[in-house]
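The primary structure of each chain is shown beneath.
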Number of protein chains: 2
Amino acid sequence: MSDKDDEMVVTPWEVRGKIDYDRLIKEFGTQRLDDKLKKRIYKIAGESHFMLERDLFFSHRDMDWVLNEYEKGDKFFLYTGRGPSGQVHIGHLVPWMFTKWLQDRFGTRLYFQLTNDEKFFFEPDLSYDDVKGFTYDNALDIIATGFDPEKTYILQDIEDIDLMYEIAVQVAKKVTFSTARAVFGFENSMNIGGIWYPAMQAVPAFLHQHLTGEKVPCVIPCAIDQDPHWRVTRDVAEKLGYYKPASIQNRFVPGLQEGGKMSASDPMSAVLTTDKPKLAKKKVMAAFTGGRDTAEEQRKLGANPDICSVFKYYTFIFMPDDKDLENIEKKCRSGEILCGECKQILAPMMVEFLENHQAAREEAKERIHEFSAERLRTEARK
Amino acid sequence: MSDKDDEMVVTPWEVRGKIDYDRLIKEFGTQRLDDKLKKRIYKIAGESHFMLERDLFFSHRDMDWVLNEYEKGDKFFLYTGRGPSGQVHIGHLVPWMFTKWLQDRFGTRLYFQLTNDEKFFFEPDLSYDDVKGFTYDNALDIIATGFDPEKTYILQDIEDIDLMYEIAVQVAKKVTFSTARAVFGFENSMNIGGIWYPAMQAVPAFLHQHLTGEKVPCVIPCAIDQDPHWRVTRDVAEKLGYYKPASIQNRFVPGLQEGGKMSASDPMSAVLTTDKPKLAKKKVMAAFTGGRDTAEEQRKLGANPDICSVFKYYTFIFMPDDKDLENIEKKCRSGEILCGECKQILAPMMVEFLENHQAAREEAKERIHEFSAERLRTEARK
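The structure presented is a predicted model; accordingly, all values stated were derived computationally and were not measured.

Caption draft 1: Here's a closer look at the overall build of chain A. Looking only at helices and strands, one finds 17 helices and 9 strands in chain A. The C-alpha atoms of chain A give 21 Å as radius of gyration, which agrees with the globular expectation for 382 residues (21 Å, within 12%). In terms of principal-axis extent, the alpha carbons of chain A reach across some 70 × 50 × 45 Å. The burial tally for chain A puts 49% of its 382 residues in the buried class. Counting contacts in chain A only where the partners sit at least 6 residues apart, residues at least 24 apart contribute 75% of the total.

Caption draft 2: Representation of the interface of chain A and chain B in the model. Taken residue by residue, the interface counts 29 residues in chain A and 29 residues in chain B. For the side of chain A that touches chain B, the secondary structure elements donating two or more residues are helix H6 (116-122), helix H8 (161-172), helix H9 (177-184) and helix H10 (192-212) of chain A. No other element matches H8(A), which puts 7 residues into the side of chain A that touches chain B. A class-by-class count of the residues in the side of chain A that touches chain B yields 17 nonpolar, 7 polar and 5 charged.

Caption draft 3: A look at the pairing of strand E4 (residues 57-61) of chain A. Residues and elements named next belong to chain A. Burial of E4 is extensive: 5 of the 5 residues sit out of reach of the surface. Sheet topology places strand E3 (residues 31-32) next to E4; 2 bridges connect them, and they run antiparallel. Bridge pairing in E4 links Arg32 to Ser59. Taken together, the 4 bridges between E4 and strand E9 (residues 246-250) define a ladder with antiparallel strand orientation. Bridging across to E9, Ser59 finds its partner in Gln249.

Caption draft 4: Highlighting helix H10 (residues 192-212) of chain B. Residues and elements named next belong to chain B. Compared with the 30 Å implied by 1.5 Å per residue over 21 residues, the 31 Å span of H10 between its first and last C-alpha is a close match. Of all the bends in H10, the largest measures some 55° and sits at Phe206. A large share of H10 lies buried, amounting to 17 of its 21 residues. Once H10 finishes, Gly213 follows within two positions and takes phi at roughly 80°, a positive value.

Caption draft 5: Representation of the relation of the copies chain A and chain B within the structure. In the superposition of chain A on chain B (RMSD 0.1 Å, axial shift 0.0 Å), the rotation amounts to 180°. Within this description, the copies of the chain are treated as partners about a two-fold rotation axis. Interface overlap between copies is the fraction of interface residues in one copy that are interface residues in the other; for chain A against chain B it reaches 100%, indicating a shared surface.

Caption draft 6: Layout of the sheet that holds E4(A). Residues and elements named next belong to chain A. In spatial order, the strands read E3-E4-E9-E8-E5-E6-E7; together these 7 strands make up an open sheet with mixed pairing. Each of the sheet's edge strands pairs with one partner strand only, and the pair in question is E3 and strand E7 (152-156). Against the sheet, helix H4 (residues 63-71) touches E4, strand E8 (218-223) and E9, its axis set at about 125° to E9.

Caption draft 7: Representation of the domain arrangement of chain A. All names here are of chain A. What the domain assignment reports for chain A is domain 1 (19-256) and domain 2 (267-363). With centres defined by C-alpha atoms, the gap from domain 1 to domain 2 works out at 29 Å. Of all the secondary structure elements, the ones that give two or more residues to the side of domain 1 that touches domain 2 are helix H5 (90-106) and helix H7 (128-144).

Caption draft 8: Highlighting the sheet that holds strand E3 (residues 31-32) of chain B. Residues and elements named next belong to chain B. Spatial ordering of the open sheet is given by E3-E4-E9-E8-E5-E6-E7, a layout of 7 strands whose pairing is mixed. Strands with a single pairing partner mark the edges of an open sheet, and in this sheet they are E3 and strand E7 (152-156). Here strand E5 (residues 77-82) runs beside strand E6 (residues 110-114); their pairing, made up of 5 bridges, is parallel. Within the sheet, the bridge partner assigned to Thr80 lies in E6 and is Phe112.

Caption draft 9: Representation of the environment of B:Asn138 in the model. Residue and element names in this part refer to chain B. Among the secondary structure elements, Asn138 is positioned in helix H7 (residues 128-144). Asn138 gets classed as buried once you count the C-beta atoms within 10 Å, which come to 24. In this structure Asn138 touches Arg82, Pro84, Val88 and Leu114, once residues within four positions along its chain are discounted.

Caption draft 10: Main features of the packing of H7(A) against helix H16 (residues 339-364) of chain A. All names here are of chain A. Close contact between H7 and H16 brings their axes to 8 Å; oriented N to C, the two are set at 115°. When the axes of H7 and H16 are compared, the crossing they make is right-handed. Of the residues in H16, those touching H7 at Leu140, Asp141, Ile143 and Ala144 are His357, Ala360, Arg361 and Ala364. A breakdown of the residues in the contact of H7 with H16 according to their chemical character gives 5 nonpolar, 1 polar and 2 charged.

Caption draft 11: Representation of the pairing of strand E5 (residues 77-82) of chain A. Residues and elements named next belong to chain A. Of all 6 residues in E5, 6 are buried; the element is thus mostly enclosed. Across the two faces of E5 the burial is the same, with Phe77, Tyr79 and Gly81 and Leu78, Thr80 and Arg82 all buried. Two elements, E5 and E8, share 2 bridges in a ladder whose sense is parallel. What sits directly across from Leu78, in E8, is Val219. Read from E5 through H5 to strand E6 (residues 110-114), the crossover connection turns out right-handed.

Caption draft 12: Up close: the packing of helix H12 (residues 277-285) of chain B against helix H16 (residues 339-364) of chain B. Residues and elements named next belong to chain B. Contact geometry for H12 and H16: axes closest at 9 Å, N-to-C directions at 150°. You can see that H12 and H16 cross each other, and the crossing is right-handed. Of the residues in H16, those touching H12 at Pro277, Ala280, Lys281, Val284 and Met285 are Lys343, Leu346, Ala347, Met350, Val351, Leu354 and Glu355. Per-class residue counts for the contact of H12 with H16 are 9 nonpolar, no polar and 3 charged.

Caption draft 13: Spotlight on the environment of A:Asp62. Residues and elements named next belong to chain A. Within the fold, Asp62 resides in the loop between E4 and H4. Assessed through the 22 C-beta atoms surrounding it within 10 Å, Asp62 is described here as buried. The sequence separation of Asp62 and Ser247 amounts to 185 residues, and the corresponding C-alpha distance is 7.0 Å. Ignoring anything within four residues of it in the chain, the contact list for Asp62 reads Lys244 and Ala246.

The rules behind the values
- Residues numbered from 1 in each chain as written.
- Chains lettered and ligands numbered in written order.
- Predicted model: local features only at pLDDT ≥ 70, side-chain atom pairs only at ≥ 80, totals over all residues.
- Helix = DSSP H or I, 4+ residues; strand = E, 2+ residues; numbered from the N terminus.
- Rg over C-alpha atoms; globule rule 2.2 N^0.38 Å.
- Buried ≥ 20, exposed ≤ 12 C-beta atoms within 10 Å, placed from the backbone.
- Contact = placed C-beta atoms within 7 Å.
- Nonpolar A, V, L, I, M, F, W, Y, C, P; charged D, E, K, R; others polar.
- Pairing = 2+ DSSP bridges.
- Expected span 1.5 Å × (residues − 1).
- Bend = angle between axes of the 7 residues up to and from the residue.
- Least-squares fit on C-alpha atoms with pLDDT ≥ 70 in both.
- Axes fitted to C-alpha atoms, helices over the stretch in contact; angles between N-to-C directions.
- Domains from an automatic or database assignment.
- Left-handed = near helix turned anticlockwise from the far one by under 90°.
- Right-handed = clockwise from strand over helix to strand, strands pointing away.

Laid out in structure tokens, this is it:
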């Protein structure tokens, strides 16, 4: 088969080509996160959020129902996850920050799944020791994001399997290979762990009720490439006596280089959370922009922020205030600012952000137990 | 596809048709358990065993190598298992008794796996509660068989998954769906738990080394229908740094009715370990035999013990002494004894056996902890 370079492929394990988000909403059968829904969220939250305003989160399932329940006094819990196949980069933190906002504003519990079994199954060259190392390493970044330790439970699939297997076997019994193949595109060359894995990703959506007996809605903030998992999870949920999980879905956070999603495997495409400030600055200065070939031309014609990765950083992280963003956009389009100058604005923001995150990451080493799933075992024994 | 009634089908989940054991050895690629090997076993054991003498155990993999290692001072451990999809019947106990003999005579550790995840995946009508109930129930029968508590560890897949998942994921990564389909005949309608399961059945073959660091051979006493699992397990073993497990394989223990293997799902075909003596006696009296149509004819022509289920009971359990067995066989073939009389000999033997087993089964309720995998967790933490 010939793959055109720009053909869109979006699965939980592969995102490539030119992403058409409207088509994803249609093909995946999700709903657009419209202004009316955003207003409902803001009303409860008591404030708006720039990631919603700027359509970073753009799609959802069942959020109307979740808010109805919330208004009736029926709180939801949050579930999100991370596949620890490498180091965390700044792009990974973006939806986590939004998740933290949801946790803070809605006062909800969060189950954060580290899918180390998944990454071991799906990454041929990832050794078991690698994946264990990244599990620990990535947990530090999760904690450094600032989630509430009293309400946040980090689940590590392999280490916490005793809490999860009982539910996973019940999910797995209800999903045939035919279904898994249709939803995820599995080939016969897929290993039997990878085929099993979707059962594990369903578990945190059901774990809360399983452990506490409380039947409350589940909201999954995640990138839209994970939606195939939620289709399977939703399909089995009611058969097993659980609510179908709702979700609120974000676009892919673009990298520092042209096109595609930010990737930890392409060293210059992303700033890692552990990058030394000097290296981060270097990456920023080498970023792809929408600038012109010469300074003269740019002063005259202006640049294009729509394709600029520096502008994306402002949009998704560093300029939550619309006035700041409009200001830099105006300067960019008018040619008042050159790309080098603009990067000089981003660089210290990035450095400050990294310094804070890295300090929190150091502290996290002493705080891992505060987020441990061990507390769920105690809860389960009650 | 048309299936002839006598077409042989032998997989871990289905045994039907006329069983050709020579063909199984050839097709599965195992070795015949010959006199030379039996003698080597007896030499170390210090005695012979009627189940070997009578070819109940008839096939093996790598037992020569295991005995070589044993003679060098390198002990093996035993691994066997049971799928708790129903109650245990007398036929199930037969290979367990042989396993106990191996444990006693060779002084080895035994890992006894209760594959409750497997049975849940493979039996569409078995509920999760059913399988949990049978797991407990079957454990009582295992304990009542008389294994050495100091050397025996009952592993329950779901309950002891924390000990097993780490190894299972490493096995699963090395087995593709193509392989699993070729070895086990999985269809696309198989659920993803069933596809995953072979990774779980491999685990106890590797667990000892994983937990203790001791690289010692593993011997699996089992019915030959389990051999496909060991092919997969052996295939991945060395890649993961373990020895390939050896095995010693038995024929199917026939039921009380004509043909097939003893089955707990056909109530008259098998005596359950929990049957009341009266019911067990009734089952014995209703058993299929090789008798003639009339007493007169039988007195004249004799009967045929080769197809008689009562004679099979003598052979596999109740007459370990060859003289007893030869005596009854002679009387049968000569017409000296009628089937009803012969059943009257078996019935009290069965009743006595059941009474002893059931008493041990009652005691087992207080002794479950003695066989618990909990001790392995302590070992693992060392």
